[in-house]
Amino acid sequence: MLVFKLKKMKILYKYIVVVIGVLTVSCNDLDVDPLNIIQDKDIFNNENGVEAYFAGIYNTLPVEDFIYRQDAGFMRNDGGRWQCFYHPGALTGELVGPYGSTYDGAGGFGYWPYSDIRTVNYLIHNLPENAQNFTEKQIGEWLGEAYFCRAFLYFSLVKRYGGIPIIKDVQNYPEQSIEDLQVPRDKEIDVWNFIADDLDMAIDLMPESSDKGRANKYVAAALKSRAMLYAGTIAKYGSQNHVSGEARDLGLVGIPSAKAEDLFRQSLEASRILDGQYSLYKKRMDDKEQNYVDLFLDPESPESIWVKDYSLTSGSAHSWDATMTCRFMTADGLSRSYPTLETVERFGELDVVNDDGTPKRFDNLSDITEGIEPRLLASVYFPGSMLRDIEFDIQRGIYEQFSGTAEDEIGLNPPNEQYRHLAGSTDVLFEGKQVIGFTGISTNGDDKTRTGFYVRKYIDYNKEQSSCGLYQSTQSWIIIRYAEVLLNRAEAAYELGEVDEALNAINDIKDRAGAGIVSSGELTIDEIRNERNKELAFEKHYWWDLKRWAIADRVLDNTKFHGLLPYYILDEDKYIFLKDFETFQRTYTFEKKFYYEPIPGGELGKNPNLYPNNPNY
Amino acid sequence: MKRNIKIKSWILLVISLCLFACSEVDNYNGPDSSFEGRIIDETTGEIFVTETGGIQIQLEELSWSETPSPQHIPIKEDGTFEDSQLFSGHYLVMPINGPFWPLNQGIELDINGSTSHDFEVLPYLKIENLEYSLEGNTLVLNFNLKAPISEGLPNVLDIKPFVNITNYVGNGATISQYSDPNKIDINAAWDSEMASTTYELRVSDLKAGRKFYARVGARVDDSFKKYNYSQIVEVDVPSE
């Protein structure tokens, strides 16, 4: 009986539980914000929120830094981001490196950052709606910074693809229909004008100073100086040398040449805004080589306009030290990209041959650097240069004896000849002498120099060898420095016929570099361009410069590049230097269609209004 | 217990087979059609002189999409092309990426079974009266340039010899030290002087006792910068 009662009770209990359960679930409105998602009101209500939002935007900005690859992008969180030797310069002969040819990088990596642009647009949309939380000035400064960030994103698109859709409002899906979201491409000139407008607002609204990692009024002016110069040259030179096609007929790529003057003018005026605000780094003008080296390493440099920082603790450190010089100087990693003789001889021809055609004899490797411009020595490690008390003992091989001319020896580059000894490994000896140096040049592989040179710019010489490992370098990348603004200024001024202004800017650069200054009669557009390529070597400008000057298909036309190959002559106990092909003898060709990258195939699939694709794709 | 597990795994297997089995048959045919043809030189009616990959046939499958991704068939060294792995359908086809006046538009045709079509194109430049001789182990090539249409011709860039040890010879297959240093840059608009000049290219230090295949190329500064070629000549360098 008791058992039966209990059973009944149990059933009753069950019913009660079910009823309570139903009541609890059914009646309450679940209108509680999720605790694990940050809401708009947490961000746009207070300063910390907006600053954090900006930090997120800055992380997505397309900064072409130590890690950037023309073929693979910004490598964020990518395991391969230690490989700084995948340098865009190695597609162009500024360096030779792991790329087999120019083709490897010319098609880009399908960059399409519209989600990042939306993040900025969202801020621009929401800040005014939350204006009651802040002062008007504060809102204005933030808006200016947002316009700057948006301009930087669009600049990185237009220089790749030409005209792309200009999206300045926040798009919403599914509220808007798919058709509504399939925005067609804008004309290239309209995108450049849009960038100029955004930067003008940024210059207007932003404060005069900022943390070096963030933008201010002058950073925006510097970016405008760069962007409008790009556009001006594309208008002037791209209209003469280009691929025709539907996209060009529609103005989606290409800028009418009539616009060039206005664009150069805008660039020049933007450069002038920076006058007196920044200066060239001149802390050690008694030693111009050391001064130029330190310019890239001194966090207090008055020349740095906008920088990107790295740190060990946040895991953002890079590997420039470990991967731009060879393992002999570092703790880990390897190098694969090397400056070419063509880059080095922009600074003047190296004198290694006597009048009678025989190679000059040198007692020591380092004698080659005598009389060379300090800036070049600070940008490139030569045979005989020192780093961390270790010599770049670069040697291609040994001649038992050498009696002929330099010319007879070069061009064919067979591995071995009578009296000539080359080697693939540093432990090969000939008559007790090491055949190649510990730092190259090997017949085997490319983890030692292929050209006789190494990149010195940005190498942190103060760092202990033991801490030159992968992901251990924290020197900042200078995104824009004042020397570039001066070069932009010189180029735009010269294009506008204002030669004196161009001359002053160029001679400021040359003086700091330890190079001889030029007179106005000597100043040509080629001189200005060459000065730019020298000053900004290895800073990831050259690829874009070749494109905007529309000379890439001439410079890279089945072209091979050269090195400076040191040999030891055994019976004389002297060194000679032969200017010969870099050891891989690679060929570089830039097809005209590469002046614009193809619109990414996946985007064309999603949005047929992006057609026509750029010519010849 | 063991038996139980066995039964369970059998049940799992049957369930997964049921889940993955396909009941629908793919209703598309495979790429079983072919497209072939020749490139004809409009000035002679003969086959266009080129090298492997010296021209490409661009196909856009309009029956698949309004905005199809282009496919390309590279030309063979004898001026013919063939692709036997194409889907049947309606295509827009056009020869591109070669040294001839660009066609305004391609032609539309149905590719079904084995389809063939010849394209007529007009070369930018022609190399005529090619004569060659050996001075010791230096090859001397003399020739004239002719422009079928001179008006609107892009600047003439350069003339260049190509030398190889097989009869596959051209810009894509040449011994670079015989080729690159012996190029002559022209970089000028076509004029009557060019038409009347007899050009000479010299290739020195050919290896003695070897047979080489050589030809001459000339190109203009159009979008593609491809070479117009001469016929191939065989050169026997005598032993020393």
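Residues numbered from 1 in each chain as written. Chains lettered and ligands numbered in written order. Predicted model: local features only at pLDDT ≥ 70, side-chain atom pairs only at ≥ 80, totals over all residues.

**Thoughts on the overall build of chain A**
A count of helices and strands for chain A gives 22 helices and 16 strands. The C-alpha extent of chain A, read off along each of the three principal axes, is 115 × 75 × 50 Å. Counting every position in chain A, which comprises 617 residues, the buried fraction comes to 45%. A fraction of 71% describes how many contacts in chain A between residues 6 or more apart in sequence connect residues 24 or more apart. (Helix = DSSP H or I, 4+ residues; strand = E, 2+ residues; numbered from the N terminus. Buried ≥ 20, exposed ≤ 12 C-beta atoms within 10 Å, placed from the backbone. Contact = placed C-beta atoms within 7 Å.)

**Let's talk about the overall build of chain B**
Helix and strand counts for chain B stand at three helices and 16 strands. Here the C-alpha atoms of chain B give a radius of gyration of 26 Å, more than 25% beyond the 18 Å that 2.2 N^0.38 yields for 240 residues. With the C-alpha coordinates of chain B rotated into their principal frame, the extents come out at 90 × 45 × 30 Å. Contacts in chain B between residues at least 24 apart in sequence constitute 67% of all its contacts with a sequence separation of at least 6. (Rg over C-alpha atoms; globule rule 2.2 N^0.38 Å.)

**Side note on the packing of helix H9 (residues 217–238) of chain A against helix H11 (residues 260–273) of chain A**
All names here are of chain A. Relative orientation of the contacting elements H9 and H11 amounts to 160 degrees, with a least axis distance of 7 Å. The pairing of H9 with H11 is recorded here as roughly antiparallel in orientation. Crossing of H9 over H11 shows left-handed handedness. Contacts from Tyr-218, Ala-221, Lys-224, Ser-225, Met-228, Leu-229, Ala-231, Gly-232, Ala-235 and Lys-236 in H9 reach Ala-260, Leu-263, Phe-264, Gln-266, Ser-267, Ala-270, Ser-271 and Ile-273 in H11. Its residues assigned to classes, the contact of H9 with H11 comprises 11 nonpolar, five polar and two charged. (Axes fitted to C-alpha atoms, helices over the stretch in contact; angles between N-to-C directions. Parallel < 35°, antiparallel > 145°, perpendicular 65-115°, else oblique. Left-handed = near helix turned anticlockwise from the far one by under 90°. Nonpolar A, V, L, I, M, F, W, Y, C, P; charged D, E, K, R; others polar.)

**Side note on the UniProt feature "domain: DUF3823" (unreviewed entry) in chain B**
Sites flagged by UniProt as "domain: DUF3823" (unreviewed entry) map to residues 34–121 and 126–233 of chain B. The span residues 126–233 of chain B is 8% helical and 49% strand by assignment, and the distance between its end C-alpha atoms comes to 16 Å. (UniProt positions renumbered as here; feature names shortened; annotations may be inferred.)

**Comments concerning the nonpolar core**
In terms of nonpolar packing, the biggest core is built from 153 residues, with Phe148(A), Ala151(A), Ile195(A), Val219(A) and Ala220(A) touching the most fellow members. Formed jointly, this core draws a minimum of three residues from each of two domains, domain 1 (112–256 + 598–617) and domain 2 (320–477 + 561–583) of chain A. For Ile195(A), the contacting residues outside a window of four places in its chain are Ala151(A), Tyr154(A), Phe155(A), Val158(A) and Ala227(A). Judged by nonpolar contacts, the second largest core, of 39 residues, contains Phe48(B), Tyr178(B), Trp190(B) and Val216(B). (Core = buried A, V, L, I, M, F, W, Y, C linked by C-beta atoms within 7 Å. Domains from an automatic or database assignment.)

**Brief notes about the environment of Thr325(A)**
Residue and element names in this part refer to chain A. Tracing the sequence through the fold places Thr-325 in the loop between helix H13 (320–324) and strand S3 (338–339). Taking the number of C-beta atoms within 10 Å as the measure of exposure, Thr-325 has 26 and is therefore buried. Sequence separation between Thr-325 and Tyr-458 is 133 residues; the distance between their C-alpha atoms is 11 Å. Setting aside chain neighbours within four positions, we find Thr-325 in contact with Thr-330, Ser-335, Tyr-381, Leu-387, Tyr-454 and Ile-459.

**A word on the pairing of strand S11 (residues 156–164) of chain B**
Residues and elements named next belong to chain B. Among the nine residues of S11, seven are classified as buried, and the element is accordingly described as predominantly covered. The pairing of S11 with strand S12 (residues 184–188) spans three bridges and is classified as antiparallel. In the sheet register, Val-156 faces S12, and the bridge partner there is Ala-188. Note that S11 and strand S14 (residues 211–220) share eight bridges and pair antiparallel. Pairing of Val-156 across the sheet is with Val-220, part of S14. (Pairing = 2+ DSSP bridges.)

**Description of the sheet that holds strand S9 (residues 126–135) of chain B**
Residues and elements named next belong to chain B. Here three strands make up an open sheet; going across it, the order is S9-S10-S13 and the pairing antiparallel. Among the strands making up the open sheet, the edge pair consists of S9 and strand S13 (198–203). For this sheet, the mean angle separating the axes of adjacent strands, direction not counted, is 20 degrees. Summarising the sheet, strand S10 (residues 138–146) and S13 pair through six bridges and their orientation is antiparallel. If you follow Asn-144 over to S13, its bridge partner there is Thr-198.

**A few points about the sheet that holds strand S2 (residues 56–61) of chain B**
Neighbouring strands of a sheet are bound in pairs by backbone hydrogen bonds; such pairs are parallel or else antiparallel. All names here are of chain B. The antiparallel open sheet is built from four strands, whose spatial order is S3-S2-S5-S6. Here the strands that pair on one side only, and so sit at the sheet edges, are strand S3 (71–74) and strand S6 (107–111). In this sheet, neighbouring strand axes are inclined to one another by 35 degrees on average, regardless of whether the strands run parallel or antiparallel. Looking at chain direction, S2 and S3 are connected through four bridges and run antiparallel.

**Some thoughts on the interface of chain B and chain A**
Each partner contributes to the interface: chain B provides five residues, whereas chain A provides 11 residues. Across the side of chain B that touches chain A, the residue classes tally to no nonpolar, four polar and one charged.

**Some thoughts on the pairing of strand S5 (residues 89–96) of chain B**
Residues and elements named next belong to chain B. As judged from the six bridges shared by S2 and S5, these two strands associate in the antiparallel manner. Among the inter-strand pairings, Ile-57 is bridged to a residue of S5, identified as Pro-95. Where S5 meets S6, five bridges bridge the pair, whose relative direction is antiparallel. Looking at S6, one finds that Val-93 is bridged to Ile-107.

**Some words on the environment of Ser316(A)**
Residues and elements named next belong to chain A. By secondary structure assignment, the location of Ser-316 is in the loop between strand S2 (304–308) and H13. Judged by the 17 C-beta atoms lying within 10 Å of it, Ser-316 falls in the partly exposed class. Residues Ser-316 and Phe-347, 31 residues apart in the sequence, show an inter-C-alpha distance of 35 Å. If near-sequence neighbours (up to four positions away) are discounted, Ser-316 is found in contact with Tyr-310 and Ser-311.

**Brief notes about helix H8 (residues 188–205) of chain A**
The terminal C-alpha atoms of H8(A), which comprises 18 residues, lie 26 Å apart, in line with the 26 Å expected from a rise of 1.5 Å per residue. Those residues of H8(A) that are buried are in contact with helix H6 (136–161), H9 and H11 of chain A. (Expected span 1.5 Å × (residues − 1).)

**Some remarks on the domain arrangement of chain B**
How big an interface is tends to be expressed through the accessible area that disappears when the partners come together. All names here are of chain B. One can read the domain layout of chain B as domain 1 (33–121) and domain 2 (126–236). Taken residue by residue, the interface counts 12 residues in domain 1 and 14 residues in domain 2. Across the side of domain 1 that touches domain 2, the residue classes tally to three nonpolar, seven polar and two charged.

**Topic: unusual backbone geometry**
Residue and element names in this part refer to chain A. The omega torsion of the bond from Gly-440 to Ile-441 falls at 15 degrees, within 30 degrees of zero and hence cis. Looking at the element boundaries, Ile-441 is found in the loop between strand S10 (433–434) and strand S11 (454–455). A positive phi angle, close to 65 degrees, is found at Asp-389, a residue other than glycine. Topologically, Asp-389 is positioned in the loop between strand S5 (386–387) and strand S6 (390–391).

**Considerations on the packing of helix H5 (residues 114–129) of chain A against H6(A)**
Residue and element names in this part refer to chain A. At their nearest, the axes of H5 and H6 sit 10 Å apart, and the two run at 160 degrees to each other. Overall, the two elements H5 and H6 adopt an arrangement that is roughly antiparallel. Considering the relative orientation of H5 and H6, their crossing is left-handed. Seen from H5, the contacting residues are Asp-116, Ile-117, Val-120, Leu-123, Ile-124, Leu-127 and Pro-128; seen from H6, they are Ile-139, Trp-142, Leu-143, Ala-146, Cys-149, Arg-150 and Leu-153. Grouping the amino acids of the contact of H5 with H6 by side-chain chemistry returns 12 nonpolar, no polar and two charged.

**A look at the environment of Thr559(A)**
Residues and elements named next belong to chain A. Summarising the element assignment, Thr-559 is placed in strand S13 (residues 559–560). A tally of 17 C-beta atoms within 10 Å means that Thr-559 is categorised as partly exposed. The contact partners of Thr-559, leaving out residues within four places of it in the chain, are Gly-93, Thr-587 and Tyr-588.

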